[in-house]
Amino acid sequence: MSRKLRILVVEDEAAIRTGLVDVLVYHGYEADTAADGPAGLDKALSGKFDLILLDVMLPGVDGFAICDRIRAEDREQPIIMLTAKTSDEDIIRGLSLGADDYVSKPFSVAQLMLRIGAVLRRSRIAVEQDNHIRLGDNVEVDTRNLSGRRGGQALSFTRREVEVLRYLSINPERPVSRDELLNKVWGYARNQDIETRTVDIHIAKLRRKIETDPSRPRHLVTVRGAGYRLQAD
Ligand code: CA
């Protein structure tokens, strides 16, 4: 691949925005910026970026609304939210709206580059041969179209959610740990010891979609102390 990967930085604080651009360019990416919500939304919807770094608190339109709008149009667009370190609600909300991952401010450059690299790597996963995951006769997921159904209800998924399901579905005989999912689906090396609730929140989102009763999962089950397992019933 010859062209540089393009990253959009949506951040209203000039010092952080400039710092991010410097770091991205230094690491070989092409960077573009938006300093407020409306400009960020405009550029984000242009489809020209391999990844969007999206601040939460923005003038005009906030990062959550932008994330929501992007997902409504493009479920594949990689998005990393920039959240305040102390704000659990921001992290949970961003991931619930379909962000691929988050980085808490203030962040280290190493941590940021790690997450960017991982999200970009995983976004280029090829689509497999059999495009369907079936769980009993109630739930079906089309991994190519990111769609599915539970009973008569239509479902839609993000790319990342489908990758979680697919990874679990090709390992039906054993529980898969959170670390393994971070490694295989998000692309983090195992020894990187990333502290992230990304996996848990994605599991919770998936349960709300594929489970009749998300509080008593029958398909995406927790194996205590071991991880998660996907089963037909
Ligand atoms: Ca801000």
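Our structure's up above, just so we're on the same page.
Throughout, residues of each chain are indexed from 1 in the direction in which the sequence is written. With the structure being a predicted model, the display of local features is reserved for residues of pLDDT at least 70 and the display and counting of side-chain atom pairs for 80 or more, all residues being used for whole-chain, interface and lining totals. The basis for every side-chain value is the complete set of non-hydrogen atoms in the structure, without hydrogens or water.

Side note on the environment of Lys-184
Item 1. Put simply, DSSP H or I for four residues or longer makes a helix, DSSP E for two residues or longer makes a strand, and each gets a number counted from the N terminus. Tracing the sequence through the fold places Lys-184 in helix α7 (residues 178–184).
Item 2. Residue class for Lys-184 comes out partly exposed when judged on its relative accessible area of 36%.
Item 3. C-alpha of Lys-184 to C-alpha of Phe-157: the two residues are 27 residues apart in sequence and 18 Å apart in space. Buried means the residue's accessible area, taken with a 1.4 Å probe over protein chains only, is under 20% of the maximum for its type, while exposed means over 50%, and partly exposed covers the values in between.

Overview of the coordination of the calcium ion
Reference values for angles at a metal are 109.5 degrees in the four-donor tetrahedral case and 90 or 180 degrees in the six-donor octahedral case.
Item 1. Bound to the calcium ion are the protein donor atoms Asp-12 (OD), Asp-55 (OD) and Met-57 (O), situated 2.1 to 2.3 Å from the metal.
Item 2. Donors, by definition, are the N, O and S atoms found within 2.8 Å of a metal, the threshold being 3.2 Å for Na, K and Ca, and water is not counted, so a site can look incomplete. Within one chain, the residues donating to the calcium ion are spaced in sequence as D-x42-D-x1-M. On the criterion of sequence distance, the pair formed by Asp-12 in the loop between β1 (6–10) and α1 (14–26) and Met-57 in the loop between β3 (51–55) and α3 (63–73) is long-range, its members being 45 residues apart.
Item 3. On the basis of relative accessible area, Asp-12 is assigned to the partly exposed category, the value being 29%.

Topic: the environment of Lys-43
Item 1. Tracing the chain through its elements places Lys-43 in helix α2 (residues 37–44).
Item 2. On the basis of relative accessibility, which here comes to 29%, the residue Lys-43 falls in the partly exposed class.
Item 3. Sequence-wise, Lys-43 and Arg-160 are 117 residues apart; in three dimensions their C-alpha atoms are separated by 22 Å.
Item 4. When checking whether two residues touch, look at their non-hydrogen atoms; a contact exists if any pair is within 4.5 Å. Apart from residues no more than four positions distant in its own chain, Lys-43 is found in contact with Leu-8, Asp-32, Thr-33 and Phe-49.

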